[in-house]
Amino acid sequence: MYSVPPDIGKEMRRIRTEMRISLDTAARLTGVSKAMLGQIERGESIPTISTLWKISTGYKVTFSNFISQNTTENNILSINDIYPIKEENGDMLLYNIFPFDPISGLDFLQIHMKPHCRHESFPHTNVLNEYIVIIKGQLQMTINNKVYILQKDAALSFQGDSNHVYANPSNDEVIFHNVIRYK
């Protein structure tokens, strides 16, 4: 059972309005077309993870601003109660386990990738570091054209403004935690 998905478009419009910028300016800042931004804000389109990263980077806000729901401290949760963001035709699911915390500057995500799924991520200028910990399976990370093969219980950190690609080269699902530290 999933909880109701967060209202991404409404939050995008709220942030853009607070910034006092037009859709034209938002398009220039994010690299996302004015038409697509308008469709997302009106709830006519659901953005991909890549599009959300472009918007969060352009708006200089955290990724979780768009996908998290308010939780209370010391709240026990189940991944089954978190609405996943889908990417790569549903072959990649992103769960925002612990949304952005302004004290620590961190987002805590869990990502599931089906066999042979590949996701290319552009550099995040608002991210200091990303930390990856493999929970299940094998993950191939390519960071600035250097390839790393990570097995269960392996960890890797890299600068968020690096070119990076997540890939599952195996026939089994891979699950990993991705902790994001913002600048």
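Residues numbered from 1 in each chain as written. Predicted model: local features only at pLDDT ≥ 70, side-chain atom pairs only at ≥ 80, totals over all residues. Heavy atoms only, no water.

1. Focus: the sheet that holds strand E3 (residues 106-113)
Hydrogen bonds between backbone atoms are what pair the strands of a sheet, whose relative direction is either parallel or antiparallel. Our working rule: For two strands to count as paired, DSSP must find a minimum of two bridges between them. The secondary structure listing takes helices from DSSP runs of H or I that are at least 4 residues long and strands from runs of E that are at least 2 residues long, numbered from the N terminus. Here the axes come from fitting lines to C-alpha atoms, over the contacting stretch only for helices, and the angles between their N-to-C directions go from 0 to 180 degrees.
Taken in spatial order, the six strands make up an open sheet running E1-E2-E3-E10-E5-E8, and their pairing is antiparallel. Across the chains shown, the open sheet's two edge strands, defined by having one partner strand only, are strand E1 (85-87) and strand E8 (155-159). In this sheet, neighbouring strand axes are inclined to one another by 25° on average, regardless of whether the strands run parallel or antiparallel.

2. Topic: the sheet that holds strand E4 (residues 118-121)
Taken in spatial order, the four strands make up an open sheet running E4-E9-E6-E7, and their pairing is antiparallel. The open sheet is flanked by E4 and strand E7 (146-150), the only strands paired with a single partner. Each adjacent strand pair in this sheet contributes to an overall mean axis angle of 15°, direction not counted. As paired strands, E4 and strand E9 (residues 164-167) are joined by four bridges and run antiparallel to one another. By the bridge assignment for E9, Ser-121 is matched with His-164.

3. Side note on unusual backbone geometry
Phi at Glu-88 takes a positive value of approximately 50°, unusual for a residue other than glycine. By the secondary structure assignment, Glu-88 is in the loop between E1 and strand E2 (92-101). Backbone geometry places Asp-153, a non-glycine residue, at a positive phi of 75°. By secondary structure assignment, the location of Asp-153 is in the loop between E7 and E8.

4. Describing the environment of Thr-142
You can see Thr-142 is positioned in strand E6 (residues 139-143). Placed 21 residues apart in sequence, Thr-142 and Asn-163 show a C-alpha to C-alpha distance of 8.0 Å.

5. Side note on the nonpolar core
Inside soluble globular proteins, nonpolar side chains tend to come together where they are buried. Heads up, the rule is: For the purposes of this section, nonpolar cores are sets of buried Ala, Val, Leu, Ile, Met, Phe, Trp, Tyr and Cys residues that join through side-chain atoms within 4.5 Å. Buried, partly exposed and exposed residues are distinguished by accessible area as a fraction of the type maximum, computed with a 1.4 Å probe on protein chains only: under 20%, between the cut-offs, and over 50%, respectively. Contacts are assigned to residue pairs with any non-hydrogen atoms lying within 4.5 Å of each other.
Judged by nonpolar contacts, the single largest core of 39 residues is most densely connected at Phe-66, Met-113, Leu-139 and Phe-176. The biggest single contributor to this core is helix H4 (residues 49-59), with five residues. In this view, Phe-176 contacts Leu-109, Gln-110, Ile-111, Met-113, Ile-132, Val-133, Ile-134, Ile-135, Leu-139 and Tyr-166; residues no more than four positions away in its chain are not counted.

6. A short note on the packing of aromatic side chains
Operational definition: Aromatic rings from Phe, Tyr and Trp, with only the six-membered ring used for Trp, were paired whenever their centres fell within 6.5 Å, and each pair was classed as stacked if the ring planes differed by under 30 degrees, edge-to-face if by over 60, and tilted otherwise.
Counting across every chain of the model gives two aromatic pairs. Considering the side-chain rings of Phe-98 and Phe-108, the 5.7 Å spacing of their centres and the 65° angle between planes classify their relative orientation as edge-to-face. Remark: Phe-108 occurs in strand E3 and Phe-98 occurs in strand E2; sequence separation between them is ten residues. With a centroid separation of 5.7 Å and 20° between ring planes, the pair formed by Tyr-166 and Phe-176 is classed as stacked.

7. Examining the environment of Val-61
Summarising the element assignment, Val-61 is placed in the loop between H4 and helix H5 (64-67). With 80 residues separating them along the chain, Val-61 and Met-141 place their C-alpha atoms 25 Å apart. Apart from residues lying up to four places away in sequence, Val-61 is in contact with Ile-15, Ser-56, Phe-66 and Asn-126.

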